[in-house]
Structures are given as structure tokens and as C-alpha cells.
Amino acid sequence: MALDDINLTIRAGETLAIIGHTGSGKSTLITHLNGLLKAQSGTVIFEGKDIWADKKELKNIRFKIGLCFQYPEYQLFEETVYKDIAFGPKNMGLDEKEIDRRVRQSLAYMDLPESYLERSPFDLSGGQKRKIALAGILAMQPDILVLDEPTAGLDPAARNNLFDLIRSYKEQSGTTVVFVSHSMEDVANLADRIVVMNKGKIAMEGAPEEVFQHADELLAIGLNVPAITKIFLGLQKNGYPFQTVYTVEDAVKILKPLIGGDTLDA
Amino acid sequence: MSFIEFSNVTYSYPDTKRKAIENIHLTIEQGEFISVIGHNGSGKSTFAKLLNGLLVPPEGCVSVSGISTADEEKRLNLLQQVGMVFQNPDNQIVASVVEEDVAFGPENLGVPPEEIRTRVDDALKTVGMYEFRLKAPHNLSGGQKQRVAIAGILAMQPKCIVMDESTAMLDPIGRKEVMDAVKKLNREFGITIIYITHFMNEAVDADRVILLDHGSICADGTPKEVFADYDAITREYGLDVPQSYELMKQLGVNACILGEEECILHLTRLLGENGKA
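Residues numbered from 1 in each chain as written. Chains lettered and ligands numbered in written order. Predicted model: local features only at pLDDT ≥ 70, side-chain atom pairs only at ≥ 80, totals over all residues. Heavy atoms only, no water.

## Here we look at the interface of chain A and chain B
Okay, step 1: Opposite the 39 residues of chain A that make contact, chain B presents 41 residues.
Okay, step 2: It is Ile 231, Tyr 240 and Ile 259 of chain A that lose the most area in chain A upon contact with chain B, and together they represent 16% of the buried surface on that side.
Okay, step 3: Across the contact surface, chain A and chain B share two salt bridges.
Okay, step 4: Remark: the boundary between chain A and chain B carries 12 residue pairs in polar contact (both at pLDDT 80 or more).
Okay, step 5: Of all the elements in the fold, those that place two or more residues in the side of chain A that touches chain B are helix H6 (156–173), helix H7 (184–190), helix H10 (227–237) and helix H11 (248–259) of chain A.
Okay, step 6: Top contributing element to the side of chain A that touches chain B by residue count: H11 of chain A, with seven residues.
Okay, step 7: Of the residues assigned to the side of chain A that touches chain B, the class counts are 22 nonpolar, 10 polar and seven charged. (Contact = heavy atoms within 4.5 Å. Buried area = accessible area lost by both parts, 1.4 Å probe. Salt bridge = Lys/Arg side-chain N within 4 Å of Asp/Glu carboxyl O. Polar contact = N/O pair within 3.5 Å; in protein donor to acceptor, adjacent residues only side chain to side chain. Helix = DSSP H or I, 4+ residues; strand = E, 2+ residues; numbered from the N terminus. Nonpolar A, V, L, I, M, F, W, Y, C, P; charged D, E, K, R; others polar.)

## Overview of the pairing of strand S1 (residues 15–19) of chain A
Working note: regular strand, side chains alternate between the two faces of the sheet.
All names here are of chain A.
Okay, step 1: Within S1, five of the five residues are buried, which leaves the element mostly enclosed by the surrounding structure.
Okay, step 2: The alternating pattern of S1 places Thr 15, Ala 17 and Ile 19 on one face and Leu 16 and Ile 18 on the opposite face, and all of these are buried.
Okay, step 3: Relative to strand S6 (residues 176–180), S1 runs parallel, the two sharing four bridges. By the bridge assignment for S6, Leu 16 is matched with Val 178. (Buried < 20%, exposed > 50% of the residue type's maximum accessible area, 1.4 Å probe, protein only. Pairing = 2+ DSSP bridges.)

## Focus on the sheet that holds strand S8 (residues 201–206) of chain A
Residue and element names in this part refer to chain A.
Okay, step 1: Pairing is mixed across the open sheet formed by six strands, whose spatial order is S4-S5-S6-S1-S7-S8. For this open sheet the edge positions go to strand S4 (65–68) and S8, each flanked by a neighbour on one side alone. Direction aside, the axes of adjacent strands within the sheet are offset by 15° on average.
Okay, step 2: Across four bridges, the pairing between S4 and strand S5 (residues 144–148) is parallel. When the bridges of S5 are listed, Ile 65 appears paired with Ile 144.
Okay, step 3: Here helix H5 (residues 126–138) sits on the sheet and contacts S4 and S5; the angle it forms with S4, its principal contact strand, is near 165°. (Axes fitted to C-alpha atoms, helices over the stretch in contact; angles between N-to-C directions.)

## Quick look at H11 of chain A
Okay, step 1: Taking 1.5 Å of rise per residue, the 12 residues of H11 of chain A would be expected to cover 16 Å, and the 15 Å separating its terminal C-alpha atoms lies within 8% of that figure.
Okay, step 2: Within H11 of chain A the residues assigned to the buried category are Val 248, Ala 251, Val 252, Leu 255 and Ile 259 of chain A. The buried residues of H11 of chain A occupy an angular sector of 100° when the element is viewed end-on, so they sit on one face. Away from its buried face, by an angle of more than 90 degrees, H11 of chain A presents the exposed residues Glu 249, Lys 253 and Pro 257 of chain A.
Okay, step 3: Residues of H11 of chain A that are buried make contact with H10 of chain A together with helix H10 (243–250) and helix H11 (260–271) of chain B. (Expected span 1.5 Å × (residues − 1). Arc of directions from axis to C-beta.)

## Details of the sheet that holds strand S1 (residues 4–11) of chain B
Residue and element names in this part refer to chain B.
Okay, step 1: In space, the four strands of this open sheet follow the order S2-S1-S4-S5, with antiparallel pairing throughout. The strands lining the two open edges of the sheet, one partner per strand, are strand S2 (21–28) and strand S5 (67–68).
Okay, step 2: Direction of pairing for S1 relative to S2: antiparallel, over a ladder of five bridges. Residue pairing across strands places Ile 4 opposite Ile 28, the latter belonging to S2.
Okay, step 3: Packed on one face of the sheet, helix H1 (residues 44–51) meets S1, S2 and strand S4 (59–64) and runs near 125° to S1.

This is how it looks when you write it as C-alpha cells:
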């Protein structure tokens, strides 16, 4: 079974990370969110309504729940960046003026200059192509933005940049964000809440500080904790009763007062 | 003579003015474990393709075991000596059964059938995939597929394996499986490993790190030597550093600590009795 007895509530405005090893059901789970797949049993409720209750309405739900697949740059197909970003809003039946406004706004969210609009998406770098693909989803102004491994294959600078853009887009728009990632560090830095998938079931659910407490269980199901968390678990073993941290920022807050600016060399 | 030698190598792709690789001069010895880092477009993949003659430089010379990669007659020999594993596990499997996929290389080299059998079995055992030998590759996980790809190269008895971001699409356990497999090949069989990656925690596991930027080598040395200049790594070259190093930096501790174990030891020494209950 790809998914087995999933009970999950996604709260408006939250950033939810879904983690799990390959084949644990992450991607299957997110394709149920906007009705690309239909579960044999159970329901998916969006804003109080079963998404499958009215088939005509399902199309609109797909505009409201914007799904960005892995390596979305492979799905670019138009001659120009403008046309590619405009594809979604056009399908929504919006007028030209509104489409134009949304195309420019989405491009701005991705921090790319308007000069890109007339370029071919195929002449851009990998990281830029991915931003264009993402802008195409933002142009539909979804209520929920669902991202399947948004930074896979990007170099560190491009990865940090894309996460910063997603974070600032979320702050400006208030959109709910659901993302799948294999990077525990990225999850720790971005998510308010984490859902851990294993063998089609939800194995754990909670805030990062709760989930990353369970390092042994996570390792047992093929996952990991951020490196900084491992360091703190090691310090706890050495007799320091620190709380478990999952970001470098929190680690510094705890350690800085205790180390007091010593600059010992290794 | 070194195992691999680059002398003044420059390469540009057709129809572009920009040089993908510019004036690289470098030697690699048999048995080294080298990671190659650099942002997208820094020339890493071009560098990889120059290693086994997939690309031949118009300027300068690349040689492997003393044979120039420009020597067309020795091309097959070169491909057998230097194998490559690419990023996408689904793009490099050719057969519908695992063991047939691994046999593809030696078959093309004209290895006798009975020897192919032994080589395939040995290769699959080495990467821990022997029990999957009769399975269909599409049912395997990403990490398992990459290990099958490595076995396919191993069956050609190479001297060097180039991993071109081969763990980029894998989950944490898949990454570890692949890293463990190549470490074993390096340690036990002395196979030279050239490991291209965007994961800095993987890069610092190598004996030697080569940092590429705009097609040139900007740093070449042990992980500690290359990562010593924190500002250059994080700003100039668009990379990041392992969290243990980031922590040291933010604590104002002047120590290039790249691994978690070392970080725990160092912090324990710095803290002493401070912070203990």
C-alpha cells in the first residue's frame, strides 16, 4: 500500500515539511492534496468540502492548491519565459491585463528582472529555469503551495537563495506552504511542523524540536537529523544537559555565553 | 608519470565564447580520493568529461596512465579505465535485469562469458547488491540503482571512478549507501575516486578537495586547507560549509572543524565544566 490510513490536518498559513526515505509515500501523499490521485478510501477535505464531491469544482481546487513537482524545469515548454508563466493564469480564464500583472509579479517574487520575460526558458541556467517554473505556479496565486524537493540538484548558493525567496513570498502572501525535502538542515530552517512518512504511514508529526529529539528512530527509518542536532546529542552524552537544538542559531545562543569569546585554535 | 595528468587544459563548448575550463594544470595519483566542488556552471561536469575522453581539449593535454585522451585508437581502453556515474539513476540503466545491466560493460569489452559471470557476481557483492541480481532495476531505490551503476563500472575493472553529483537525487540513506560503497572501493581496491558534489559534508570526507570556479582551480588541498578561508568559500565561491564549521565561526572560535565527532570533542574541551549540571 502506497498510503495507509493517513490522518493529517494542514493548517492555514503554516509551513509543513514532509520527510521520509524514497518510496515512503511522500509524493503519493502530496498528489492526493489536489486530487491528481484519488484514494480508494477516505476523504480529502479542503476548506470544509470533500474535493471529490463535485468534479467540476476539482479544476478550481487544482488552481488553489499549486503543486510544483520535482525538477519542474523539465516541464517548461513555451518559447518565452512570459508565455510559460502565463500558462496557468490563462487556463484559469483570467483577462489579459490580470495575466500580465500576475506574470510580472511572480517574476518579481523570484527576484528575476523583467528582461527575462522575452527570453527562451531553455537558454537559462538550471537554477533560473527552476525559478521560472515556480513563478508559473505562483502566478495562479494558490492558497497552498506544494513543493516536491524544491532545491534538489541546486548548488548551495542557489539552494539558499530559493529558500529565501520562498520564505519571503510566504511572508508577503500568507500562503500555506507544504514541502518535501531530503535535507534535514533545510527542513529545520524552514518548517513550522514536520510530518515523517514511513511505509505509507505517518510515523511522527510535530514541531522540529519535537521530531528531531527522536534521532535514533529517524535513523532507523532511513532519515537523519541535522548535523547540529547530532553535535548536541553528542554533548548531552558528554554530560552537558543542553536542550536538543536543530539550528545553528539556537546552538550559538546556548554555547556563546558558556564559551565567552575564547578564540582557541584547533 | 602520474596516473592522470592535465597540462594547460582549456575547453570551450561550441558556439560559446566563455571557457568552461581554463588553463587547468593538475596531477592525480592512483588511489586518491578527491572531491570536486564549485557552484553550478563552475566547470565541474566539463572537468569530469575531460577525464575519460568524453570531451577532448583543443588546447593542452589530458593523459591517463600515460595515454593521451586524444588518442582515438586507445579510446576503448580509456573508457574501461575511467568509469562514470551520473546524477540521475534512471538515465544509466540499460537492461531489464540487474545482473544483465552489470554485464553490459564487460560484454562490450569482449570479456569471455565465464569471466563475465565471476566479474558480475564479484561486483554486485562488493556494492552489496548481489541479492538483487535477478530483480528488475526499476523496482530498486535510487541508492540501489546508483550502486548497480557502480557495479557495472566495477565489472570493467577500472582504475578510476568519476561520480558526477551521483547522490544529488538520493535520500539520506541512499547517499550514505553510495558513499560507503565508493569508500570501500577506494580503500580495498585502491580505485581512484573523483567525487563531484554539492553536499559539503560529503566533500570534506575526501582526502583532497579541488575547488573550481569559472573553469579554473581556485583551491586544491586537504579539506581543512581548502575550507580554511571561510569568507572565500561562502561569499566568493557561492558554497557553504558543514554546520560544525559554521557553528565554530559564529561562536568566534578560530578552528576549521569539518566533522561532527571532531566538533563534539572540541566543544567539550572548550566548555570544560561550564554548562555541566
